[in-house]
2 protein chains.
Amino acid sequence: MLWRSIHDRLHEEIATGHYKPGEKLPTETELACRFGVNRHTVRHAITELRDHGIVYSRRGSGIFVATKPMTYKIGRKTRFSKNLVHAQQAPTLRFLRLETRHADKIELENLALGRTAEVHVVEGIGLSNNIPITHFTSIFPAAPLDGFIEALESAGSISTALAACNILDYERLRTEITAVLATPETAIHLACQVGDPLLRTRSLNQSNNVPIEFGTSLFSAKHIAFVVDEDSSA
Amino acid sequence: MLWRSIHDRLHEEIATGHYKPGEKLPTETELACRFGVNRHTVRHAITELRDHGIVYSRRGSGIFVATKPMTYKIGRKTRFSKNLVHAQQAPTLRFLRLETRHADKIELENLALGRTAEVHVVEGIGLSNNIPITHFTSIFPAAPLDGFIEALESAGSISTALAACNILDYERLRTEITAVLATPETAIHLACQVGDPLLRTRSLNQSNNVPIEFGTSLFSAKHIAFVVDEDSSA
DNA sequence: CCTTATTTGTACGTATGTATC
DNA sequence: TGATACATACGTACAAATAAG
C-alpha cells in the first residue's frame with residue numbers, strides 16, 4: 001500500500017492548491033526520487049489520480065493537474081455556503097430531516113439550555129457541483145427560533161433561515177475535528193466507499209454570546225481539505 | 001457496521017471532553033434510545049471501547065469513562081509541547097531522522113527560499129504518556145539556523161532548539177487538515193492498525209513574517225481530536 | 001524536416017507477502 | 001501442511017509521443 005500514501009499525498013497537495021490547475025507535476029522519475037520508491041509505484045498512484053479525474057497525462061509531455069482545489073476554511077466566519085473555496089457552482093443543501101424535539105444531555109450542555117428545552121433538528125446533505133460534500137446534523141434552540149423549520153424549508157439555506165428569525169449574524173466559537181471511517185450509511189450519503197477516511201467536525205456557533213447552533217458534520221476527505229488560516233480568520 | 005458509528009461517536013464525545021474522566025455514561029438503554037438502535041448494538045460499541053481501555057463497566061452500577069481526553073489545539077500559538085490538553089506527563093519527542101539537504105519545489109515555495117537553498121529535515125515521533133501521538137516531518141530553512149540539528153539533538157525540543165538559534169518566538173500561519181488511512185509503515189510508528197483513520201496536518205510557522213518551519217504530521221485519530229478555538233487563538 | 005533528449009506507456013521478469021483452498 | 005492465486009514493489013528495457021534545437 002505504499003502507492004496509496006503517495007496517492008494521498010499528491011491528492012492533498014493538489015486539493016490544497018500547492019499544485020495548481022493546469023500545472024505540470026514533477027516527472028514520474030522525479031516523484032519516484034522524492035518519495036524514495038520505484039517509478040512503477042508512482043505510476044500506480046498516478047493511475048488512481050487519473051481514474052478519479054484529478055490529473056491527466058500526456059505521453060512525452062507530462063502529468064497535469066485537472067481539478068480545482070477544494071478547501072474548506074475554518075474560522076470565525078465559517079459558513080457552508082461561503083467557505084468552499086473555488087467551487088464552480090454555488091453549494092446547495094438537501095434536507096433529510098427537519099423536526100423539533102427535546103434536547104439530550106450533550107445538546108443541553110453545548111447550547112446552555114434548561115433541562116426541558118426543545119431543539120430544532122436539521123439533518124441534510126451539502127452539495128457542491130452536484131457532488132455530496134458533507135452530511136450534517138445541526139441542533140438549534142427552539143425557543144428563540146420560532147418558525148425556523150418553515151423558514152428553512154422555503155429558504156434552503158441556514159443563514160437566511162436564521163435571518164428570518166432575526167439572527168442576522170453569528171460567529172463560529174469552537175470547532176472540533178476528528179477522523180473516522182465511512183460506515184455503509186454514510187457511504188450512501190457521501191457517495192464514497194465503506195472504510196474511506198472522513199473528517200468529522202463538531203462545532204458551536206453563537207450570536208451575541210448566546211449559543212445558536214451546535215452541529216456535527218461529516219466531510220469526505222476525498223473531496224475536502226480543511227484550512228485553518230490565522231490571517232483571514234480574524 | 002452501525003455499532004461502529006456509535007462507537008466512534010461515543011469515543012469522540014469522550015475524547016473531546018463531553019464525557020469527562022470518571023463520569024458515568026448514560027445507561028445502555030438510554031444510549032440505545034438516543035441512537036435509535038437495539039441495546040445489543042450499543043453493547044457492541046461499548047465492548048469495543050472497553051477493549052481499548054476507553055471506558056470500564058461495573059455490573060449494577062454503570063459505564064464510566066476511563067481515559068483522559070487528548071485534544072490538540074490549533075491556533076496561532078500551536079506547539080506540540082503545550083497544545084496537548086490533559087496530558088498526564090510532559091510530551092516528548094523521539095527523532096528518527098536529522099539531516100540537511102537541498103529543498104524540493106514545495107518546500108522552496110512554502111519557505112519562500114531561493115532555488116538552491118538547503119533545509120534541515122527533522123522526522124520523528126511525538127509521545128505523550130509514553131504512547132505515540134504523532135509522526136511528523138518538519139522542514140526548516142538551513143541558512144538562518146546554523147547549528148540547529150546539533151541544538152535539537154541536545155535539547156530534544158523544537159522550541160528550545162529554535163531559541164538556541166535566536167528564534168525566540170514564532171506563530172502558526174496556516175494549518176491544512178486532511179484525513180487518511182494508516183499504511184503499514186505509519187501503523188508501526190503510531191502503534192495502530194492498518195486502515196485506522198488518521199488526521200494529517202500540513203502547517204506553516206513564521207517568525208517576524210519569515211517562514212521558519214514547514215511541517216507535515218500524522219496523528220492517530222484514536223488518541224487525538226483537534227480543536228480550533230476562536231477564543232484562545234487570538 | 002530532422003535529430004536528440006525527455007517523458008509517458010507498455011512489456012517483460014523477479015521477489016515478497018497474504019489470502020484461500 | 002502444501003499448493004495456488006493474487007496484489008504489491010522493484011528492476012530493466014524499449015516503444016511512442018512530445019518538445020526543443
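K.L.:
So what's going on with the protein's contact with DNA strand C? Which residues, and what values?
P.N.:
Residue and element names in this part refer to chain A. DNA strand C sits among 13 residues. The nearest are Arg39, His40, Ser57, Arg59 and Gly60. Take the atoms of DNA strand C that sit within 4 Å of the protein: sugar and phosphate atoms are 63% of them. Arg39 is positioned such that a nitrogen or oxygen atom in its side chain is 2.8 Å from a base nitrogen of DNA strand C. Residue Arg43 places a side-chain N or O atom 3.2 Å away from a phosphate oxygen belonging to DNA strand C. For the surface near DNA strand C, the elements supplying multiple residues, two or more each, are α3 (39-51), β1 (55-58) and β2 (62-65). Grouping the constituent residues of the surface near DNA strand C by class yields one nonpolar, six polar and six charged.

K.L.:
I'd like to hear about the sheet that holds strand β10 (residues 225-229) of chain A, residue by residue, with values.
P.N.:
Across the sheet, eight strands lie side by side as β3(A)-β10(A)-β8(B)-β9(B)-β10(B)-β7(B)-β6(B)-β5(B); this open sheet has mixed pairing. Every interior strand has two partners, whereas the edge strands, β3 (71-74) of chain A together with β5 (92-102) of chain B, have only one. The sheet shows a mean angle of 20° between the axes of neighbouring strands, direction not considered. Of the strands in this sheet, β3 of chain A together with β8 (171-181), β9 (197-207) and β10 (210-220) of chain B touch helix α1 (residues 2-15) of chain A, which is tilted by about 50° from β9(B).

K.L.:
Any chance you could break down the protein's contact with DNA strand D for me, citing the residues and the numbers?
P.N.:
Residues and elements named next belong to chain A. All residues in the neighbourhood of DNA strand D are listed as Met1, Leu2, Trp3, Val37, Asn38, His40, Thr41, His44, Arg59, Gly60 and Ser61. The protein-proximal atoms of DNA strand D, defined as those within 4 Å of the protein, are 72% sugar or phosphate. In the model, a phosphate oxygen of DNA strand D is placed 2.6 Å from a nitrogen or oxygen of the Met1 main chain. Here His40 contributes a side-chain N or O atom positioned 2.6 Å from a base oxygen of DNA strand D. The set of elements that each furnish at least two residues to the surface near DNA strand D consists of α1 and α3. The element best represented in the surface near DNA strand D is α3, accounting for three residues. A per-class count over the surface near DNA strand D returns four nonpolar, six polar and one charged.

K.L.:
Break down the interface of chain B and chain A for me, citing the residues and quoting the values.
P.N.:
If you look at the interface, chain B gives 50 residues, while chain A gives 49 residues. When chain B packs against chain A, close to 4,500 Å² is buried across both sides, 52% of that on carbon and sulfur atoms. Taken as a group, Glu12(B), His18(B) and Glu230(B) account for 15% of the area that chain B buries against chain A, more than any other trio of residues on that side. Remark: the boundary between chain B and chain A carries ten salt bridges. On the surface where chain B and chain A come into contact, there are twelve residue pairs in polar contact (both at pLDDT 80 or more). If you list the elements that add at least two residues to the side of chain B that touches chain A, you get α1 (2-15), α5 (105-111), β8, β9 and β11 (225-229) of chain B. Residue composition of the side of chain B that touches chain A, by class: 20 nonpolar, eleven polar and 19 charged. In this structure, strand β7 (residues 171-181) of chain A lies alongside β11(B), joined through four bridges in antiparallel fashion. Looking across to β11(B), one finds that Glu176(A) is bridged to Val227(B).

K.L.:
Tell me about the packing of aromatic side chains, and please be specific about residues and values.
P.N.:
All names here are of chain A. Enumeration over the complete set of coordinates arrives at nine aromatic pairs over all chains. When the ring of Tyr72 is compared with that of Phe219, the centres are 5.0 Å apart and the planes differ by 50°; the resulting orientation is tilted. Residue Tyr72 is found in strand β3, and its partner Phe219 is found in strand β9 (residues 210-220); the two are separated by 147 residues along the sequence. Between Phe219 and Phe226, the aromatic rings sit 5.0 Å apart at their centres with planes inclined by 85°, giving edge-to-face as the arrangement. Aromatic ring contacts, followed pair by pair, group Tyr72, Phe219 and Phe226 into a single cluster.

Rules behind the numbers
Residues numbered from 1 in each chain as written. Chains lettered and ligands numbered in written order. Predicted model: local features only at pLDDT ≥ 70, side-chain atom pairs only at ≥ 80, totals over all residues. Heavy atoms only, no water. Near = heavy atom within 4 Å. Polar contact = N/O pair within 3.5 Å; in protein donor to acceptor, adjacent residues only side chain to side chain. Helix = DSSP H or I, 4+ residues; strand = E, 2+ residues; numbered from the N terminus. Nonpolar A, V, L, I, M, F, W, Y, C, P; charged D, E, K, R; others polar. Pairing = 2+ DSSP bridges. Axes fitted to C-alpha atoms, helices over the stretch in contact; angles between N-to-C directions. Contact = heavy atoms within 4.5 Å. Buried area = accessible area lost by both parts, 1.4 Å probe. Salt bridge = Lys/Arg side-chain N within 4 Å of Asp/Glu carboxyl O. Phe/Tyr/Trp six-rings, centres within 6.5 Å; stacked < 30°, edge-to-face > 60°.

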